[in-house]
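# Coordinate analysis (summary)
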Amino acid sequence: MCGITGYIGREEAIFVLLDSLKKLEYRGYDSTGIAILHEGTLTVRKAKGHITVLEEKLKNEQIRGQAGIGHTRWATHGEPSDINAHPHTGVSDRIAVVHNGIIENYLRLKEWLQAREVVFKSETDTEVVAHLIDYYYRQGSGLLTAVQHTLKRLEGSYALAITAADYPDRIIAARKDSPLVIGLGKDENLVASDIPALLAHTREVVYMEDGELVVLYRDHVELMNAQGDHIVRPPSHVDWDADAAEKGGFAHFMLKEIHDQAKALSDTLRPRIKTGEISFDEFDFDEFCGRARRIVITACGTAWHAAMVAKYAFEHFARIPVEVDIASEYRYRSPVTEENDLFIVISQSGETADTLAAMRLAKKGGNRILAITNVVGSTLAREADLVLFTMAGPEIAVASTKAFTTQLMCLYLLALKLGKLHSRIGDAEYRACIEDLGRIPSQAEKILARQDLIQRFASRQFNKQKVFFMGRQFDYAISLESALKLKEISYTHSEAFAAGELKHGPIALVDKDTLVVTIATQTVLFDKLISNIRETSARGASSLVISWEGETSFESVADEIFAIPKTRDCFSPLLSIIPAQLFAYYCSIQRGNNPDKPRNLAKSVTVE
Ligand code: F6R
């Protein structure tokens, strides 16, 4: 996820900015950049790669100035490169902008600017912001007015910091749906996307709200709302240490990333919904996917579980046959490929060796490849024919959480769009589904707000010898992912079963040391599940059921029930996995493990 920092004060800005960028490194990034203001000049330097690459570039330069902005970039539009790195500048190179978030209407704005002879240098969405401010400025607006005009035209999410050569005494920053914090110092003021970037200078901070803009001067700040009315907000005192600050106040990255999901889901969904329709700027969907008579999906681990959910979703919405295989299996089969197969590969990192090998095999067999990944510039993204990026931001904890749910969101969008294209879903139903997907981020928030229930449950159950997850259809896929999460970080023996398979063998393992977690969201199959739960309780197992709010069917059979907000049964995986992730996290803590760095596991499996 990109990191922003801005400084105005007594010290040389270059050192302050580089130090604060280092404090944001934990967020993950692929390039860095700074812009420094000094006596009517604006110096911009940026570089692909680690901050040390930028430092090396700056080594023989003396860039003076006590104000400036800086950025660590996590690529979303355009691959990691010097040119795509922030800051971006306008035509005159006298206005510089750094940005977090996604400008959803950037293509339209770009065309509008190109029609006014603006020439673009990068592939980023951010560059339109720099050019728009520059455009209004050249038309005669003052800097603040130029920024305000620009903000009115932006759709999407942003945290922005802006500098202009003609205004060396100030920095402007603005936010909408992307965090920004003002740091109040003595004879110096700062702004940053995250608290750690501020802590070396101050612990007095003002959290900006959506729609707000701030002008930072060396000796004061002016905070205002979207209408330009001034706001006075007393500062908050931060008493986190630097380590807690990096994790946004959460004890571990994994817990932070579980909580990031509401926003990550919204970031993945929102740019792809235009006037109530699913629309992929990335590619011509009808041309690329329309011919598909069969879909083949391959991936590893958690991403393979996303593929399992997708199988049910594609069959449900698009009535197209789907084959799902684990990449390490697929690569050694002699798969039968058809000309009109659509081959989807899913990988958070885009670097998993088995997934890449499976993709290359499919490509060799003449298949068209659509990749779903979280990392722009990854091998998968470069080698696939088309890419759909998840907007999860970097995932640091080894156990995948937000990458999984954002993969699901991409897959649901594809399935719905394909269903619509083949007229397998009616217009009203299609629109209602899109509206339901739009509610998922706030429903995820509601689950997260009740994490203490799961924490208490985990504190009672963490030392169970065996934990089995079961469910049917979509719930079976989520059972697989839930069991993986638990075994990865708590080292508990956990397995997942299709509930109907229980009596074909696994029930022999069930005894009083077993916890059975039933994912129960497929309403038409509730009666079957109730029988399955009874079979396990009769053998002494304790039971937790994850089901819909207001659902009473399981009250007589479950020891405990965790209710999730109601959405369509077919969308339940987006929500039902969240309590299971929290359960795994809290069991790991209770067992004294470090959930961020589980034993024997690596974040990116680049070898076979
Ligand atoms: C589980 C987990 C792994 C990965 C798997 C594939 O929490 O993180 O199972 O899902 O190694 O990794 P990617 O998605 O990077 O291909």
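For the structure given in this document, a descriptive report is provided here. Computed from a predicted model, the values in this text were never measured in an experiment. (Residues numbered from 1 in each chain as written. Predicted model: local features only at pLDDT ≥ 70, side-chain atom pairs only at ≥ 80, totals over all residues. Heavy atoms only, no water.)

### Here we look at the pairing of strand S3 (residues 41-48)
For a regular strand, side chains alternate in direction, first toward one face of the sheet and then toward the other. As paired strands, strand S2 (residues 31-38) and S3 are joined by 8 bridges and run antiparallel to one another. From the neighbouring strand, Thr32 faces S3, where its bridge partner is Ala47. Where S2 hands over to S3, the hairpin turn is made up of 2 residues, of which Glu39 adopts a positive phi near 40°. (Pairing = 2+ DSSP bridges. Helix = DSSP H or I, 4+ residues; strand = E, 2+ residues; numbered from the N terminus.)

### Concerning the sheet that holds strand S23 (residues 466-471)
On the basis of which strands lie adjacent, the open sheet formed by 5 strands has the order S24-S23-S25-S26-S27 and parallel pairing. The strands lining the two open edges of the sheet, one partner per strand, are strand S24 (493-498) and strand S27 (560-564). Neighbour-to-neighbour, the strand axes of the sheet open up by a mean angle of 20°, direction not taken into account. In this structure, strand S26 (residues 542-548) lies alongside S27, joined through 5 bridges in parallel fashion. Within S27, the position partnered with Trp548 by the bridge is Ile564. Against the sheet, helix H17 (residues 474-490) contacts S23, S24 and strand S25 (514-520), and its axis sits at roughly 175° relative to S24. Together, S23, S25, S26 and S27 form the strand contacts of helix H19 (residues 573-590), whose direction differs from that of S27 by roughly 130°. (Axes fitted to C-alpha atoms, helices over the stretch in contact; angles between N-to-C directions. Contact = heavy atoms within 4.5 Å.)

### Some remarks on the state of the cysteines
All chains considered together, the criterion is met by 0 disulfides. Between Cys2, a cysteine without a disulfide, and Cys410, which holds the nearest cysteine sulfur, the sulfur-to-sulfur distance is 17 Å. By relative accessible area, Cys2 is classed as buried at 12%. (Disulfide = S-S within 2.5 Å. Buried < 20%, exposed > 50% of the residue type's maximum accessible area, 1.4 Å probe, protein only.)

### Here's the deal with the site of the ligand
Neighbouring the ligand are 15 residues, the closest being Ser347, Gln348, Ser349, Thr352 and Glu488. One of the backbone N or O atoms of Thr302 is found 3.1 Å from an oxygen atom in the ligand. The side chain of Ser347 places a nitrogen or oxygen atom 2.6 Å from an oxygen atom of the ligand. Those elements that place two or more of their residues in the shell around the ligand are helix H10 (301-318) and H17. Classifying every residue of the shell around the ligand by side-chain character gives 6 nonpolar, 7 polar and 2 charged. (Near = heavy atom within 4 Å. Polar contact = N/O pair within 3.5 Å; in protein donor to acceptor, adjacent residues only side chain to side chain. Nonpolar A, V, L, I, M, F, W, Y, C, P; charged D, E, K, R; others polar.)

### What to know about the packing of H10 against helix H14 (residues 402-421)
Interaxial distance between H10 and H14 falls to 9 Å at its minimum, and their mutual angle equals 20°. One finds that H10 runs roughly parallel with respect to H14. The element H10 and its partner H14 pack so that their crossing is right-handed. Side by side, H10 and H14 meet where Thr302, Ala303, His305, Ala306, Val309, Ala310, Ala313, Phe314, Phe317 and Ala318 of the first sit next to Phe404, Gln407, Leu408, Leu411, Tyr412, Leu414, Ala415, Leu416, Leu418 and Gly419 of the second. Taken together, the residues of the contact of H10 with H14 break down into 16 nonpolar, 4 polar and no charged. (Parallel < 35°, antiparallel > 145°, perpendicular 65-115°, else oblique. Left-handed = near helix turned anticlockwise from the far one by under 90°.)

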